[in-house]
Every structure is written in structure tokens, then in C-alpha cells.
Amino acid sequence: MSTVGTHAWTRVETAAPPGATAALRAEWVKFWTVRSTPWSLAAMFLLGAGLTTLVCALSAEALARGDVGEPVGAFVTWGIVFAQVTAVVLGALVVTSEYGTGMIRATLAATPRRGAVLAAKAAVLATTLFVAGTLTALAGYLGGNWFLDREGIGLALTDDGVLRSMVGSGLYMAGLGLFAAAVGLLVRHTAAALAIVLGLVFVVGNLVMVLPGAWGEWATKLMPGNAGSAVATPESFNPLLLDPWVGFAVFLAEVAVVLAVAAAVFTRRDA
Amino acid sequence: MISAHRLTKTYGDRTAVDGISFTVEPGRVTGFLGPNGAGKSTTMRMVLGLDRPTSGSVTVNGRRYADYPAPLREVGALLEARALHPGRSARDHLRWLAASNGIPRTRVDEVLDLVGITAVADQRVGRFSLGMGQRLGIAAALIGDPPVVVLDEPVNGLDPEGIRWVRTLARDLATEGRTVFVSSHLMSEMALTADHLVVIGRGRVLADCSTAEFVAQHAASHVRVRSPQHDQVATLLRHQGLDVAAHGGELRVRGLDPAGVGELVGRSGLLLHELTLVRSSLEDAFMTLTADSVEYAGAAR
């Protein structure tokens with residue numbers, strides 16, 4: 001099988017140096033050539049759109065009778081609470097799968113500018129999650145609202161907060177994915193990254209609600225999952241939360257801080 | 001050309017690479033030889049800008065690796081066979097590498113063909129044998145058609161045919177004028193592949209010379225002598241100032257060739273049953289040279 005001796009070697013065309021988008025294209029190819037990506041996105045769609053539709057179908061009648069005591073607006077994005085897990089998983093895997101397999105060395109040998117690697121990963125992840133999150137929310141709204149409409153309590157896309165919550169779902173997914181990726185970059189381990197992010201969003205975020213007084217109230221408002229998720233629903237089940245865009249700004253600031261720390265560590269650390 | 005200058009790497013209070021300097025010239029295969037834990041992989045990671053040297057520097061064709069805008073076109077490296085995502089196909093792995101350095105996609109098929117894995121190019125690499133994984137790693141190293149090729153333990157886990165293939169490839173790449181730097185902990189393999197050797201142990205350069213020179217200097221030999229008059233022969237040879245050691249029923253004589261030993265014994269009218277020149281293997285030479293620098297020497301030694 002000695003193919004080398006008989007092979008004509010030609011120098012690769014080296015006319016143009018790779019453009020600024022080379023790292024981006026590499027990350028795009030990487031992102032879409034592992035199965036975890038389509039699986040995570042399919043799971044997001046099924047949970048986000050499927051559960052929303054199901055819950056609306058099951059509770060439309062009770063909502064119409066007015067004996068639920070919860071805002072209708074909270075139901076048209078109901079599944080997003082569960083769909084956000086997939087954004088966390090995808091975000092963590094984009095980074096930690098490279099550390100788990102040793103791929104990170106190939107990545108950094110190909111693109112030694114680590115800032116460029118991180119920026120490309122973040123751009124691919126955030127763009128995909130924004131599009132997927134928005135489409136998921138929109139599909140859930142369309143599916144769920146069909147049942148609500150039948151009971152005469154449907155919401156129009158132009159109603160207060162509905163369109164915002166669709167785009168907001170995409171933004172929240174993107175932010176959550178970046179948060180998980182940043183934590184993944186710091187701990188370099190899939191299970192650890194997932195435990196930390198899911199624990200913060202689902203467990204700690206809910207536990208602080210039982211803390212007494214103003215302290216507990218502010219801790220509740222500022223936890224990343226609580227602050228960021230308000231933008232993803234027309235009306236929240238939890239009246240304590242910050243206003244949608246204020247909350248999202250707080251969430252983005254938190255993500256930015258973790259990402260900045262992760263970037264600083266990443267650019268200095270041995271691969 | 002790769003130039004390391006007083007290259008040092010410490011992890012906490014452990015010194016992995018201790019101020020080593022060497023150059024790897026183009027047009028020949030340079031073997032980077034040392035026992036496990038000697039600092040070979042750490043050195044290679046510093047060459048590729050993956051690990052930051054604690055002090056000193058290493059450059060490839062005059063520039064730091066990380067300063068190249070498209071490093072894969074300058075240096076191709078096989079670092080570890082498993083620096084791959086097991087769920088990605090071989091073709092996709094090469095596709096993202098090509099994209100990262102602006103290398104035309106046609107080159108992906110070329111290198112797949114070159115290493116002979118075109119037939120399995122669309123299979124996930126998690127299913128690959130160690131040998132196929134190594135071939136893919138070498139395809140990745142060659143994707144930018146680089147003038148400098150760095151291969152870290154390329155024959156690990158390969159079958160004899162694969163080993164011969166890597167050896168031929170390394171030699172062909174050097175013949176084409178490329179700089180080829182191959183690490184191994186197997187002296188016998190390097191003796192067949194490398195023109196030049198850089199031997200390290202415990203992070204220091206122990207030898208930096210041509211393979212032939214290394215063999216001449218370090219592969220010791222002795223003459224094995226068996227005689228029914230064992231003791232008289234030993235006394236006779238010792239009187240001639242030779243180094244004679246008794247091992248069971250044989251004598252190991254150093255300092256004279258078999259002809260000389262035979263003549264001495266014959267002139268004294270003593271009987272000989274065996275007279276053999278024994279060369280210690282290169283592996284032995286390597287062991288002797290690095291004996292003091294093996295990180296975890298076996299307790300029995």
C-alpha cells in the first residue's frame with residue numbers, strides 16, 4: 001500500500017492567505033459534522049414546540065373557563081423551559097467534546113490565534129441557537145395557539161409581547177449556549193459543565209426563591225436563568241422577575257463576564 | 001528547518017524540558033529519540049505553539065509557529081492518533097482542517113488517496129483501527145503540503161506493513177527536500193528511518209549526531225570465548241591487558257577483535273570451542289545511554 005513513492009507531489013496553491021472567515025468556516029464544518037448538533041436541535045424543537053402545543057391543547061378549555069389563574073401568555077411558550085436544556089447541552093459540547101477527544105490540539109494547531117477560534121465558535125453557536133430557538137418558539141406558538149383560538153382565547157402575533165417572546169426565545173437560547181460554552185471552556189469536561197450550568201439555571205435559580213426578604217427577591221431576579229428567560233415568554237408565570245429586556249440585559253452581562261474570564265484563561269493556558 | 005534554543009518547560013517544580021537546543025535540517029529524517037517521559041511530546045507541543053515555553057524559544061523556518069497566518073501550509077503535524085472527534089467522518093475531519101487554512105477542498109481527496117483510506121473516508125473515525133487512525137492523522141499532517149513535517153510516535157500501534165509504510169513515507173518526504181522530524185521511543189525503528197538523531201532523556205539532549213555516528217559510538221561489542229581450559233585462557237588474556245569478564249562458561253573479552261584473540265590463544269597452545277564477535281544491539285546502546293534518565297525505572301533494575 002505504499003502509495004507515496006508513485007505519487008506526484010505538487011505544492012498546494014498558496015497564493016492567498018486564508019481570510020478572516022477561515023476559522024469561521026472551519027467551525028461551521030465541525031459544528032454540522034457531528035451528530036450531537038442535529039440531535040440537540042431536533043430535541044429542542046420537539047420539546048419547545050411539541051410540549052407547548054400539547055400543554056395548550058390540554059389546558060385550553062380550563063384557561064377559557066378562567067379557572068387556571070395563570071396568564072394565557074405564559075402558555076404559548078411553555079415548552080421553552082424544557083427546550084433550554086438542549087441549548088445548554090449543545091453549547092457545552094461545542095467546547096468540551098474537543099477537550100474530551102484531544103481535538104482541541106488539532107484545532108489550535110490549525111488556528112493558533114485562540115481569540116479567533118473562540119470568536120468563531122461563539123458566532124456559529126449563537127447564530128444557530130438564535131435561529132433554532134426563534135423557529136421553535138414560533139412553531140410552538142402556532143401549534144398551541146391553534147387550540148387556544150378554538151376556545152376563543154388565542155393571542156395574535158401582534159399582541160403585546162408575543163412577537164418579542166419569539167425573537168426573545170432565540171436570543172435566550174443563544175445566550176444560554178454561550179454561557180454553557182464559556183463554562184465548558186473553564187472546566188473542560190462535559191459532565192462538569194452540564195452540572196454547573198443546569199444546576200445554576202434549574203436548581204439554584206429556583207432554590208433562591210425561598211430565601212427570605214429582599215435578599216432572596218434580588219437573588220431570584222438576578223440568577224441567569226431567571227433574568228434571561230423573561231424575554232422568552234409574553235407573560236411570565238413568576239411575577240417577581242425583572243422586565244423582559246432589563247432581565248435579558250442582566251443575563252447578557254453575566255454571560256459576557258463568564259465568557260471574558262473563559263477567554264482570558266483559554267488564551268493563556270497550554271492546550 | 002526547526003530551531004530550538006535553550007527551550008525549557010516546567011510544570012510546577014517538575015522540569016519536563018530542560019534548556020534543550022537543536023536544529024532539524026531539511027532534506028533528511030531527524031529522529032527524536034528518548035524513553036517515555038523524556039520530554040519529546042512536550043517539545044513537539046512547544047514547536048506547534050500549543051504549550052508556551054517557560055523560557056527559550058523554538059522557530060520553524062525562522063518564525064514562531066503561531067505567527068504563521070496559515071500554519072498547516074508550513075508545518076504538518078501528527079500529534080496523537082486520537083486528536084479526532086470519534087463521531088466525525090475522516091473526510092469531514094480533513095474538510096474542516098482544509099477550511100481553517102484556506103486549502104482547496106480538492107486537496108482532501110488527494111491526501112485521502114495518498115494514505116490509502118479513500119474507501120473508508122465517509123465512515124466515522126470512532127470505528128477506525130489504530131492503523132487507520134494513524135493514516136488519517138498523517139493525511140491531516142500533509143493536507144497543507146507543508147515543507148516541514150512533525151510526526152510524534154507515528155508507528156505506535158501499527159502492524160509491520162504500516163510501520164514500513166510510515167518509514168517509506170518519512171524517507172520520501174525528506175527526499176523531496178522537506179524537513180522531517182519523527183519522535184519515537186524505539187531505537188531500532190529510528191535506526192532504520194532516521195539519518196540524524198537527537199536523543200533526549202529527562203528533558204536534556206544526550207546526543208545530537210548522525211545515526212551512523214551514534215551506532216559507532218554507542219553500540220559496544222565484545223568477543224565471546226569458550227574453552228575447555230577456561231581459567232588458563234582468562235589468565236592469558238588478562239595478562240595481555242584485555243578486559244575479560246567471566247559469565248558462566250563463557251568469557252567476554254573487550255579490547256581486541258576475534259582474530260587477535262584467536263591468535264593469542266593459539267600461540268599458547270590452548271584449545272578454543274567458540275570465538276564469536278557479539279555486537280550489542282542499538283536498543284542496548286540506547287538503554288545504556290538513557291539508563292540514568294529514565295523517569296520511572298523498574299524497581300528490579
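Everything in this summary refers to the structure shown in the same document. (Residues numbered from 1 in each chain as written. Chains lettered and ligands numbered in written order. Predicted model: local features only at pLDDT ≥ 70, side-chain atom pairs only at ≥ 80, totals over all residues.)

### A few points about the overall build of chain A
Reasoning step 1: Counting its secondary structure elements, chain A contains 10 helices and 0 strands.
Reasoning step 2: Secondary structure elements of chain A occur, N-terminal to C-terminal, as α-α-α-α-α-α-α-α-α-α.
Reasoning step 3: Principal-axis analysis of the C-alpha atoms places the extent of chain A at approximately 80 × 40 × 30 Å.
Reasoning step 4: Counting only residues that meet the buried cut, chain A has 47% of its 271 residues in that class.
Reasoning step 5: Of the contacts made within chain A by residues no fewer than 6 positions apart, 77% connect residues no fewer than 24 positions apart. (Helix = DSSP H or I, 4+ residues; strand = E, 2+ residues; numbered from the N terminus. Buried ≥ 20, exposed ≤ 12 C-beta atoms within 10 Å, placed from the backbone. Contact = placed C-beta atoms within 7 Å.)

### Here we look at the nonpolar core
Reasoning step 1: The biggest cluster of nonpolar side chains holds 151 residues, and the ones touching the most others in it are Ala92(A), Ala181(A), Val197(A), Leu94(B), Ala139(B) and Ile143(B).
Reasoning step 2: In terms of residues, this core owes the most to one element, helix H6 (residues 162–187) of chain A, which gives 14 residues.
Reasoning step 3: When residues no more than four places from it in sequence are discounted, the contact partners of Ala139(B) are Leu94(B), Val111(B), Leu112(B), Leu114(B), Val115(B) and Ile117(B).
Reasoning step 4: Among the nonpolar cores identified, the runner-up in size contains 9 residues, and Val223(B), Val233(B), Leu251(B) and Val265(B) belong to it. (Core = buried A, V, L, I, M, F, W, Y, C linked by C-beta atoms within 7 Å.)

### Remarks on the interface of chain A and chain B
Reasoning step 1: Counting from both sides, the interface comprises 37 residues of chain A and, opposite them, 43 residues of chain B.
Reasoning step 2: Those elements giving two or more residues to the side of chain A that touches chain B turn out to be helix H1 (22–32), helix H3 (80–101) and helix H4 (103–110) of chain A.
Reasoning step 3: Of the residues in the side of chain A that touches chain B, the class split is 19 nonpolar, 11 polar and 7 charged. (Nonpolar A, V, L, I, M, F, W, Y, C, P; charged D, E, K, R; others polar.)

### Comments concerning helix H5 (residues 160–175) of chain B
Reasoning step 1: An ideal rise of 1.5 Å per residue puts 22 Å on 16 residues; H5(B) measures up with 22 Å between its terminal C-alpha atoms.
Reasoning step 2: Structurally, H5(B) contributes buried residues whose contacts are with strand E3 (29–33), helix H4 (130–142), strand E6 (148–152), strand E7 (179–184) and helix H6 (187–193) of chain B. (Expected span 1.5 Å × (residues − 1).)

### Section: the packing of helix H5 (residues 114–150) of chain A against H6(A)
Residues and elements named next belong to chain A.
Reasoning step 1: Relative to each other, H5 and H6 sit at 145 degrees, their axes nearing to 7 Å. Where H5 crosses over H6, the two elements pack in a sense that is right-handed.
Reasoning step 2: The residue makeup of the contact of H5 with H6, split by class, is 19 nonpolar, 7 polar and 1 charged. (Axes fitted to C-alpha atoms, helices over the stretch in contact; angles between N-to-C directions. Left-handed = near helix turned anticlockwise from the far one by under 90°.)

### Brief notes about the pairing of E7(B)
Residues and elements named next belong to chain B.
Reasoning step 1: In terms of burial, E7 is a largely internal element, 6 of the 6 residues being buried.
Reasoning step 2: Side chains of E7 alternate between two faces, with Thr-179, Phe-181 and Ser-183 and Val-180, Val-182 and Ser-184 buried alike.
Reasoning step 3: Bridge count between E3 and E7: 5 bridges; the pairing is parallel. Opposite Leu-33, over in E7, you have Ser-184 as the bridge partner.
Reasoning step 4: Pairing analysis gives 5 bridges linking E6 to E7, with the strands arranged parallel. Looking across to E7, one finds that Leu-151 is bridged to Val-182.
Reasoning step 5: For the crossover from E6 across H5 to E7, the handedness is right-handed. (Pairing = 2+ DSSP bridges. Right-handed = clockwise from strand over helix to strand, strands pointing away.)

Honestly, that's just the spatial picture; any functional story needs more than this.
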